[in-house]
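Listed below are the residues making up each chain.
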Amino acid sequence: MAIGTTITQHILSQQRENPEATGAFTLLMHELIVAAKVISKEVNKAGLADILGATGETNIQDENVQKLDVYANRIIIERMQHIGQLCCMGSEEVADLIDIPAKFPKGNYILLFDPLDGSSNIDVNISIGTIFGIYRKKSDETDINFLLNEVLQPGYEQVAAGYFLYGSSTMMVYTTGKGVHGFTLYPSVGEFLLSHENIRIPERGKTYSVNESNYQYWDDNTKALVDYYKTKDKKTGRSFTSRYVGSLVADFHRNLLKGGIFLYPADNKDPKKPTGKLRLMVEANPLAMVVEQAGGYASDGKGPILKIQPKDLHQRVPLFIGSKEDVKIAERFLRGERE
Ligand code: AHG
Ligand code: MN
Ligand code: MN
């Protein structure tokens, strides 16, 4: 049986086009994929914990039962730290940069990730995911105490980005700046196979995805934008429909394939999070690179996400992402213009 293109084949062929490629990146991606397969397996049995008797202090392997997002975080760190290609990592689950233990060699890549996105959906069998962005270190610095400046690069500096989606099937969607490609995990073979080559997001869509319970906390321009989605567009006659599950990866993925906009605007719900909820480095930037490579656009409401100079590893940002024309319309509303 011919099984088509595997993810490793695909990464290798893209790397061969780059004369400077050393194989380091291919190795890095390969190991990340192994981590995602392990997480996928664990996600698939999340609902079985009670049946298998793993709800106590320890599970059947005598390991402490951990929350799945903590588990995913650990798996990625453990799998990635030994490969010799990373100088450090940054995770949504860890306050500081993650150093590479002294017993392992270091490399020049930086891996930033959200180990499990959509954690409120873990217990209810709704799709969740892992998001990643990869950068290259620009200086010779290797001391973790001085690496933060290397990590705080704008999103357009990413050399690769993507996500794993643990849904009705497990998928990997990634870009190295040469288009966006989707792979589906073929469980019996244990490989990701090319299923969505060169994904292009429609110029405009019909779907808007937002947590509308925040309406009361939005400014007038944001309210006007969401009001606009609920009325027929005067120019084009199109009506919108709404889809929101509360896992960014799942909401984003649907809109990437079908067109539409996902938004998590700034709100005044929590004075500690005046710029919205989502994180620039581990959520917005990777998906912004993916969407731009697919012909879409990601904005903080004022301009491109990918041009923001980060100041903090865990900085939050308003996010408007999806079909290019729809995100441009959102920017116009936020400037006070109306359609
Ligand atoms: P995480 O599970 O990594 O903390 O991210 C949750 C995020 C994102 O996945 C989703 O889009 C958003 O939170 C949903 O937030 P609300 O529940 O406020 O809608
Ligand atoms: Mn997340
Ligand atoms: Mn998370």
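Basis of the calculations
Residues numbered from 1 in each chain as written. Chains lettered and ligands numbered in written order. Predicted model: local features only at pLDDT ≥ 70, side-chain atom pairs only at ≥ 80, totals over all residues. Heavy atoms only, no water. Donors = N, O, S within 2.8 Å, 3.2 Å for Na, K, Ca; no water. Buried < 20%, exposed > 50% of the residue type's maximum accessible area, 1.4 Å probe, protein only. Patch = residues over 30% accessible without salt bridge, like charges linked within 9 Å, V, L, I, M, F, W, Y side chains within 5 Å. Areas by Shrake-Rupley, 256 points an atom, 1.4 Å probe, with all protein chains shown as cover. Salt bridge = Lys/Arg side-chain N within 4 Å of Asp/Glu carboxyl O. Lys, Arg positive; Asp, Glu negative; His and termini not counted. Charge placed at Lys NZ, Arg CZ, Asp CG, Glu CD. Helix = DSSP H or I, 4+ residues; strand = E, 2+ residues; numbered from the N terminus. Near = heavy atom within 4 Å. Polar contact = N/O pair within 3.5 Å; in protein donor to acceptor, adjacent residues only side chain to side chain. Nonpolar A, V, L, I, M, F, W, Y, C, P; charged D, E, K, R; others polar. Domains from an automatic or database assignment. Contact = heavy atoms within 4.5 Å. Pairing = 2+ DSSP bridges. Axes fitted to C-alpha atoms, helices over the stretch in contact; angles between N-to-C directions. Buried area = accessible area lost by both parts, 1.4 Å probe.

(A) Representation of the coordination of the manganese ion (ligand 3). Coordination sphere of the manganese ion (ligand 3), protein contribution only: Glu92 (OE), Asp114 (OD) and Leu116 (O), at 2.3 to 2.4 Å. In this model, the manganese ion (ligand 3) sits 3.7 Å from the manganese ion (ligand 2), the two metals being bridged by aspartate 114. Each member of the pair aspartate 114 and leucine 116 is classed as buried.

(B) Expanded view of a positive patch on the surface. There is a patch of like positive charges on the surface, built from Lys269, Lys272, Lys273 and Lys277. In this fold, lysine 269 is placed in the loop between strand E10 (261-264) and helix H7 (280-293). Residue class for lysine 269 comes out partly exposed when judged on its relative accessible area of 46%.

(C) Just the coordination of the manganese ion (ligand 2), in detail. Here the manganese ion (ligand 2) is held by Asp114 (OD), Asp117 (OD) and Glu283 (OE), and the distances to it run 1.9 to 2.2 Å. Each donor residue of the manganese ion (ligand 2) lies on one chain, and together they are spaced D-x2-D-x165-E.

(D) Spotlight on the site of ligand 1. Neighbouring ligand 1 are 17 residues, the closest being Glu92, Ser119, Asn211, Tyr244 and Tyr264. Asparagine 211 is positioned with one of its side-chain polar atoms (N or O) 2.7 Å from an oxygen atom of ligand 1. Put simply, the parts of the chain that give the shell around ligand 1 at least two residues each are strand E2 (109-117) and E10. Residue composition of the shell around ligand 1, grouped by class: six nonpolar, five polar and six charged. Counting only domains with at least three residues in the shell around ligand 1, you end up with domain 1 (7-196) and domain 2 (207-334).

(E) Up close: helix H8 (residues 324-334). Residues Asp326, Val327, Ile329, Ala330, Glu331 and Phe333 constitute the buried set of H8. For H8, the secondary structure elements touched by its buried residues are helix H5 (220-229), E10, strand E11 (297-299) and strand E12 (319-322). Directly beyond the C-terminal end of H8, a positive phi value near 100° is found at glycine 336.

(F) Molecular detail of the sheet that holds strand E1 (residues 86-91). As summarised here, the arrangement of the seven strands in space is E1-E2-E3-E4-E5-E6-E7, forming an open sheet in which the pairing is mixed. A strand with exactly one partner marks an edge of an open sheet, and here the two such strands are E1 and strand E7 (191-196). Geometrically, the sheet is characterised by an average inter-axis angle of 20° between neighbouring strands, direction not taken into account. With five bridges joining them, E1 and E2 adopt parallel strand pairing. Each bridged residue has a counterpart across the sheet, and for leucine 86 the counterpart in E2 is tyrosine 109. Packing of helix H6 (residues 248-258) onto the sheet brings it into contact with E2, strand E3 (128-136), strand E4 (160-166), strand E5 (170-175) and E7, and relative to E4 it is tilted by some 105°. The strands touched by H7 are E1, E2, E3, E4, E5 and strand E6 (180-186); relative to E4, the strand with the most contacts, the crossing angle is about 100°.

(G) Inspection of the domain arrangement of the chain at higher detail. Once the domains are mapped, the chain shows domain 1 (7-196) and domain 2 (207-334). Centre-to-centre separation of domain 1 and domain 2, based on C-alpha positions: 24 Å. Contacts between the two partners involve 45 residues from domain 1, matched on the other side by 30 residues from domain 2. Across the domain 1/domain 2 interface, buried area totals approximately 2700 Å², and carbon plus sulfur atoms make up 67% of it. Together, Ile131, Leu152 and Tyr163 form the three largest contributors to the area buried by domain 1 at its contact with domain 2, with a combined 22%. Along the contact surface separating domain 1 from domain 2 lie one salt bridge. For arginine 279, the salt bridge is made with glutamate 92, and the minimal N-O distance between the two is 3.5 Å. Every element with two or more residues in the side of domain 1 that touches domain 2 is listed here: E1, E2, E3, helix H4 (148-151), E4 and E5. Here the side of domain 1 that touches domain 2 is composed, by residue class, of 24 nonpolar, 16 polar and five charged.

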